[in-house]
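What the coordinates show
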Amino acid sequence: MAEGAPKTTGIPSEISEQRELIFDKFRRSGYLAARLDPLGFLPPVSPAELDDTTRWSSEARSIYCGTIGVEFMHIGDPQRREWIAGRMEHPRGAKPDQERILERLVRAELFEQSLQARFVGTKRYSIEGLAVLIPLLDQVVEAGAASGIDQMVLAMSHRGRLNVMVHIVGRPAAEIFADFEDVDPRSVLGGGDVKYHVGATGTYRTITGRTIEVHLVSNPSHLEAVDPVAMGRTRAKQARIGPQGWRRVLPVTLHGDAAFAGQGVWAETLNLDTLSAYTVGGTIHIIVNNLLGFTTPPVELHSSRFASDLAKRQSIPIFHVNGEDPDAVIRAGEIAADYRAQFTSDVVIDLIGFRRHGHSEVDDPTITQPRLYAKIKDHPPLWQIYAGQNGFDAAPTVTQARKEFEESFETASRTTEKPVHHHLPPYWEPYERGCYDPKYEVNTGADGAQLGEIAAALTRYPEGFAIHPKVKRLLDQRLEMGRGSRPVDYGMAEALAFGTLLLDGIPVRLTGQDTRRGTFNQRHAALIDTQTEREYLPLEHLAPGQARCEICNSPLSEVGVLGFEYGYSRDYPEALVAWEAQFGDFANGAQVIIDQFISAAEDKWDLPSGVVLLLPHGYEGQGPEHSSARIERFLQLAAEDNLQICQPSTAAQYFHLLRRQALRRWRKPLVVFTPKGMLRRPESASAVADFAAERFRNVVPEREAEDVRRILICTGKIGHELRAERKRRGDTETAIVFLDQLYPFPKAELTAELARHARARELVWVQEEPANMGALFYVSPRIRELAGDLPLRSIKRSASASPATGSAKAHELEQKTLLTLAFTTSEN
């Protein structure tokens, strides 16, 4: 008997063995010969091993080469293979409710046709040609509800989105029709988004009367960018419930065939499936497969036969199904949902059909696919085909649907305000968004006694734990820091910030590449037994009843992981949620998440987030790729108080910044440029007393110079180097002021600091970055506005196509030149 095959009974062993040999071939290759394309442009392929004429072959062919083709023999677990074979070969359950399927097909297609008739030439990204998606989603929700789900997180691009909003999310059709009237004043003023990008929340009522909360995630035109965001949102919702949260929150993602095969973010997200820091108990992926990407045919989109082949990198099943056999589609949806519930695994449904119109309704597809669209032109709607096949009279259903949509149009025509399709969950009620208000500020200080207790807990480990000698030395030093006998460095400041928050009941989640140890050997959140490699996280063992702490290594991914953490922050506003780049410039691998979600989501979709980005930054002779976190790019994105952009100059400042982010009610993404070489330098370390200060200082004032004639303004590491150079020169007339917060620009604080130095005759902005990078373009006009009659100069590297030199010696020479120029007056 083939491994993993279902057992047969009542058949002589010799015949049974022959049957299993034949069935095994079809289990492995039958999907290639399945009839999957309603229009016949993807004809079946019959591998030689399937050319068998026995009765067993006929039976196997009817199961595996019909309108469902399943790929599952690549799955390593024999129990899972046997389960799928059993469900395919021994169908169970009642016959699908064909009248309900027909009703849903009618409504799906007539919804699109009603929009087309009323708003001719307007983009809507119709689902016609794959209207069976609506009954499929019905089945997924129904099967999920039967296994215990009460929430569904749904992610998709624009095709069919409006239809899904009405028929699955449960938004009234009149709301969608009102969107086409374009009555949103925010759009005129620069906010808002197009109707087929916005998200929605609603309630789906199952046939048994249960209600399922449905969350359709907002998504830009970057088709697959939403995938990790949806996974992060799902994980957060599950975490709110507890260890069994995966049973109650079901993620479903819809993909276009071209995007599924071509977009790298999807591959990164797929890899998160079973990783402990990211798993969501399995996702149901549906490829809405038109066998066409905009104007590009499959042969130019992917190198393999199916767009879904990327998914075979995982041990997950793939169900290919002909979109013009609704009963088969429903069966595939039922098996997929049951498989996820049984094995907490991802599943892929490759729903194959066609696109009745062009990429959008204003596009003419006959130019690039004349043969295909000649065939589509005369192809009847699926509801007509299905009604005819099953002997139904669809006329009453059609009449009723048209009547309801016409009434919805009348309601929409009287609408004067744009409808809101989504509502923030109740756990967002305590938090504020919009522009900054000083009333949001809170005290972030912590007393020395508490810090000492936390330090003691952070440096403890179980009896018999074989600690590494180097780590033991570090822990001894950290205990001294907590007691106040040694200045506190950045690594310890961060641990103290996390510890105080956890004891206040605020969860902490931090992920990134090598984050548990830290790229620069600075964190050591997880202690590792040198003999057993058992791990112990002191932050998880501070006190009974503390909040949850997750500090996890991520896979070698930027866009997938940052998207996930952004999504997590969207549904866990109470937590401090952070992503750390290995080096700051690696954030450019996640630029689509930064541009489309983190910086713009509140403006486009009114969706806030408090996610934190930790980006190591600083010019230290490590070359173009490990110097700059691209401060300039984040400042270009900054407007309408959408971000907080900071570079804390000391360990205590970092402590206060992290606590401020978690404790105040104003929820905004925080971009932190963190140090590298300065992590353990005494210049940036802080006394324990500094942690008792009231709050983070946006501007760190001058405290040493007395008779100030020149003011150097800077941010980050260069400020400490300027202080060292000033000391070397014995200069008492130059003030050095740190901008620890760049955005929102601290106008009041900087004005006050400049006023303290009334005898100053010159202002100088100093930065390590080249002239076309860093904060220069952003701070110059703002400082000039405050400077009055004082002239403003800038010291920086020459403009450059590359952020930094690859030569350590050249770097050292450049850095010395910067310092020399900074202390050269304009008169010299």
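Note: the structure precedes this text.
Here we summarise the structure given alongside this text. (Residues numbered from 1 in each chain as written. Predicted model: local features only at pLDDT ≥ 70, side-chain atom pairs only at ≥ 80, totals over all residues. Heavy atoms only, no water.)

Tallied over the full model, the rule gives 29 aromatic pairs. Here Phe119 and Phe180 contribute two aromatic rings whose centre-to-centre distance is 4.9 Å and whose plane-to-plane angle is 20°, an arrangement assigned as stacked. Taken together, the residues Phe119 in the loop between α4 (98–118) and α5 (133–146) and Phe180 in the loop between α7 (173–179) and α8 (185–188) connect sequence positions 61 residues apart. Judged by relative accessible area, which is 12%, Phe180 ranks as buried. Here the aromatic cluster, defined as three or more aromatic residues joined through ring pairs, consists of Phe111, Phe119, Phe177, Phe180, Phe405 and Phe409. Cation over ring: Arg55 sits above Trp56, and NZ or CZ is 3.9 Å from the ring centre. Residue placement shows Arg118 over the ring face of Phe409; its charged tip is 4.2 Å from the ring centre. (Phe/Tyr/Trp six-rings, centres within 6.5 Å; stacked < 30°, edge-to-face > 60°. Helix = DSSP H or I, 4+ residues; strand = E, 2+ residues; numbered from the N terminus. Buried < 20%, exposed > 50% of the residue type's maximum accessible area, 1.4 Å probe, protein only. Lys NZ or Arg CZ within 6 Å of the ring centre and 35° of its normal.)

Moving on to the environment of Gly199. With respect to the element layout, Gly199 can be found in the loop between α8 and β3 (200–205). Take Gly199: its relative accessible area is 2%, and that puts it in the buried class. Residues Gly199 and Val420, spaced 221 residues apart in sequence, show a C-alpha to C-alpha distance of 9.6 Å. For Gly199, the residues in contact, after removing those within four places along its chain, are Arg161, Met165, Leu216, Val217, Ser218, His421 and His422. (Contact = heavy atoms within 4.5 Å.)

This part covers the sheet that holds strand β19 (residues 734–739). Taking strand neighbours across the sheet as the criterion, the 5 strands line up as β17-β19-β18-β21-β22 in an open arrangement whose pairing is mixed. Taken across any chain shown, the strands that pair with only one partner, and hence form the sheet edges, are β17 (699–700) and β22 (792–797). Where strand β18 (residues 710–714) and strand β21 (residues 762–770) come together, 4 bridges link them in parallel fashion. The residue of β21 that forms the bridge with Leu712 is Val764. (Pairing = 2+ DSSP bridges.)

This paragraph deals with unusual backbone geometry. Tyr743 connects to Pro744 through a cis peptide bond whose omega is -10°. Relative to the helices and strands, Pro744 resides in the loop between β20 (741–743) and α26 (747–755). The backbone of Leu291 shows a phi angle near 55°, a positive value even though the residue is not glycine. Topologically, Leu291 is positioned in the loop between β6 (284–289) and β7 (318–322). A positive phi is found at Phe294, a non-glycine position, where the angle reads about 60°. Positionally, Phe294 belongs in the loop between β6 and β7.

This part covers the pattern of salt bridges. Applying the stated criterion across every chain yields a total of 54 salt bridges. Arg240 is the partner of Glu574 in a salt bridge, and the nearest nitrogen-oxygen pair spans 2.6 Å. Of this pair, Glu574 sits in the loop between α20 (559–570) and β13 (576–580) while Arg240 sits in helix α9 (residues 226–241), and the two are 334 residues apart along the sequence. Using a relative accessible area of 22% as the deciding quantity, one classes Glu574 as partly exposed. Overall, the relative accessible area of 29% leaves Arg240 in the partly exposed class. Between Glu694 and Arg695 there is a salt bridge; the shortest N-O distance is 3.6 Å. Glu694 sits in the partly exposed class, given a relative accessible area of 49%. Residues participating in the shared-partner salt-bridge network are Arg19, Glu20, Arg27, Glu59 and Glu89. (Salt bridge = Lys/Arg side-chain N within 4 Å of Asp/Glu carboxyl O.)

Here we take up the pairing of strand β1 (residues 68–71). The side chains of a regular strand alternate between the sheet's two faces. Because side chains alternate across β1, one face comprises the buried residues Ile68 and Val70, and the other comprises Gly69 and Glu71, equally buried. Pairing geometry for β1 and β7, over 4 bridges, is antiparallel. Residue pairing in the sheet places Glu71 in a bridge with Ile318 of β7.

Tracing the sequence through the fold places Arg710 in strand β18. Exposure remark for Arg710: the relative accessible area of 6% places this residue in the buried category. Within the structure, the side chain of Arg710 is placed 2.9 Å from the side chain of Glu762, a separation counted as a polar contact. Looking at Arg710, its side chain comes within polar contact range of the main-chain oxygen of Ala822, at 2.8 Å. With sequence-adjacent residues up to four places away left out, Arg710 is seen in contact with Glu733, Thr734, Ala735, Ala760, Glu762, Val764, Arg793, Ala822, Phe823, Thr824 and Thr825. (Polar contact = N/O pair within 3.5 Å; in protein donor to acceptor, adjacent residues only side chain to side chain.)

Attention now goes to the sheet that holds strand β4 (residues 211–216). Strands sit in the order β1-β7-β8-β6-β5-β2-β4-β3 across an open sheet of 8 strands; the sheet is mixed. Strands at the two margins of the open sheet, each flanked by one partner only, are β1 and β3. Here the strands of the sheet are splayed against their neighbours by 20° on average, with no regard to which way each runs. Inspection of the sheet shows strand β2 (residues 151–155) paired to β4 by 4 bridges, in the parallel sense. The residue of β4 that forms the bridge with Val153 is His215. The strands touched by α9 are β2, β4 and β5 (249–256); relative to β5, the strand with the most contacts, the crossing angle is about 175°. (Axes fitted to C-alpha atoms, helices over the stretch in contact; angles between N-to-C directions.)

With 18 residues, helix α13 (residues 326–343) extends 26 Å between its outermost C-alpha atoms, agreeing within 8% with the 26 Å of an ideal straight helix rising 1.5 Å per residue. With 13 of its 18 residues buried, α13 lies for the most part within the structure. (Expected span 1.5 Å × (residues − 1).)

A word on the pairing of strand β8 (residues 347–352). When you tally the buried positions in β8, you get 6 out of 6 residues, the bulk of the element. In β8, alternate side chains face the same way, and those of Val347, Ile349 and Leu351 on one face and Val348, Asp350 and Ile352 on the other are all buried. Note that β6 and β8 share 6 bridges and pair parallel. Residue pairing across strands places Ile287 opposite Asp350, the latter belonging to β8. Bridge count for β7 against β8 is 5 bridges, and the pairing is parallel. Its bridge partner lying in β8, His320 is registered against Asp350. Assessed by its sense of winding, the connection that carries the chain from β7 through α13 to β8 is right-handed. (Right-handed = clockwise from strand over helix to strand, strands pointing away.)

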